[in-house]
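Coordinate analysis (summary)
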Amino acid sequence: MKDVLDLELQMFLRNLLPEEHEVLQEMRSYAEEHHIPVVDPEVGHLLHILTGLVQPERILEIGTAIGCSTIAMAQAMEQGRITTIELTEERHTLALDYFKRAGVADKIDAVLGDARELVPELKQEYDMIFMDAAKGQYQEFLDIADRILKPGGLLVADNVLINGWVVNLNYPRHRQKTMVYRMKAFLEQFKENTQYQCSVVPLGDGVALIRKQKQRVDEHKQAD
Ligand code: SAH
Ligand code: MG
């Protein structure tokens, strides 16, 4: 995050982390070389801790890429499974291989396809959802994921500050405008959304921790 969290602080936080699994390190080099936007190490670590705390029976991930975030979560799961969806065949195939090499393949169901088509067909409920795909579609993803997120469940959304542009609106290209304004509206809705509570953590590219209320709240009453 260049504009919001300064580089010195980001590097300081990164240097506090334990060393990642060697397969993850290799994946990061690959991702950098091929311009694949994977979670920053400090966000991967946060995901790992959250997964360890929640101990979900089922996690849904929207946007596998080559599987860095999937592995960070899988390594913290004592039992339970992750369903992860990726649109691009090349990335999906690479992820399958990395899951084997990291020793977590038996916990992961990797699905190739468009989450906008696949999520509405899912039959089970999930304790945790990690949303990390097209940044202009977070509202759409939330709308379709709501049905399968358990009450009290956690939805984590990555890249919600988009290089700080959501904060300062200094996006460099006109074509980024829609994505930035959609993300801003996505975050702002939680001020008044009684079904969810949201805390934005300015780590990495910005991570939103969004918890679904345990009980459906009547629109006119105050959430507890
Ligand atoms: N979670 C990964 C990074 C994901 S990058 C990690 O941190 O390691 C975002 C990915 O979402 C890209 O690989 C992109 O192909 C995928 N994606 C975008 N739109 C999608 C959709 N509608 N359904 C499934 N995957 C999608
Ligand atoms: Mg991301």
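So, here's what we can say about the structure. (Residues numbered from 1 in each chain as written. Chains lettered and ligands numbered in written order. Predicted model: local features only at pLDDT ≥ 70, side-chain atom pairs only at ≥ 80, totals over all residues. Heavy atoms only, no water.)

1. Examining the pattern of salt bridges
- Inspection of the entire model under this criterion finds ten salt bridges.
- Asp114 is paired through a salt bridge with Arg116; the nearest N and O atoms lie 3.1 Å apart.
- Several salt bridges converge on common partners, so that one network encompasses Arg14, Asp40 and Glu42. (Salt bridge = Lys/Arg side-chain N within 4 Å of Asp/Glu carboxyl O.)

2. A word on the environment of Gln189
- You can see Gln189 is positioned in the loop between α9 (177-188) and β6 (196-201).
- Residues Gln189 and His21 lie 168 residues apart in sequence; the distance between their C-alpha atoms is 37 Å.
- Excluding residues that lie within four positions of it along the chain, Gln189 makes contacts with Gln139 and Leu142.
- Of note is the side chain of Gln189, whose polar atom sits 2.6 Å from the side chain of Gln139.
- Of the polar contacts made by the side chain of Gln189, one reaches the backbone oxygen of Phe186; its length is 3.1 Å. (Helix = DSSP H or I, 4+ residues; strand = E, 2+ residues; numbered from the N terminus. Contact = heavy atoms within 4.5 Å. Polar contact = N/O pair within 3.5 Å; in protein donor to acceptor, adjacent residues only side chain to side chain.)

3. Re the site of ligand 1
- The environment of ligand 1 is formed by 23 residues, the closest being Gly63, Ser69, Glu86, Arg91 and Asp132.
- In this structure, Gly63 approaches ligand 1 through a main-chain N or O atom, which is 2.8 Å from a nitrogen atom.
- Ser69 is positioned such that a nitrogen or oxygen atom in its side chain is 2.8 Å from a nitrogen atom of ligand 1.
- Alone, ligand 1 offers 580 Å² of accessible surface; in the complex the protein occludes 91% of this.
- Here the residues of the shell around ligand 1 are counted per class, giving twelve nonpolar, five polar and six charged. (Near = heavy atom within 4 Å. Areas by Shrake-Rupley, 256 points an atom, 1.4 Å probe, with all protein chains shown as cover. Nonpolar A, V, L, I, M, F, W, Y, C, P; charged D, E, K, R; others polar.)

4. Some details on the pairing of strand β3 (residues 108-112)
- Alignment of strand β2 (residues 81-86) against β3, held across five bridges, turns out to be parallel. Following the sheet pairing, Ile82 is matched in β3 by Ile108.
- Read as a crossover between parallel neighbours, the route from β2 over helix α5 (residues 89-101) to β3 is right-handed. (Pairing = 2+ DSSP bridges. Right-handed = clockwise from strand over helix to strand, strands pointing away.)

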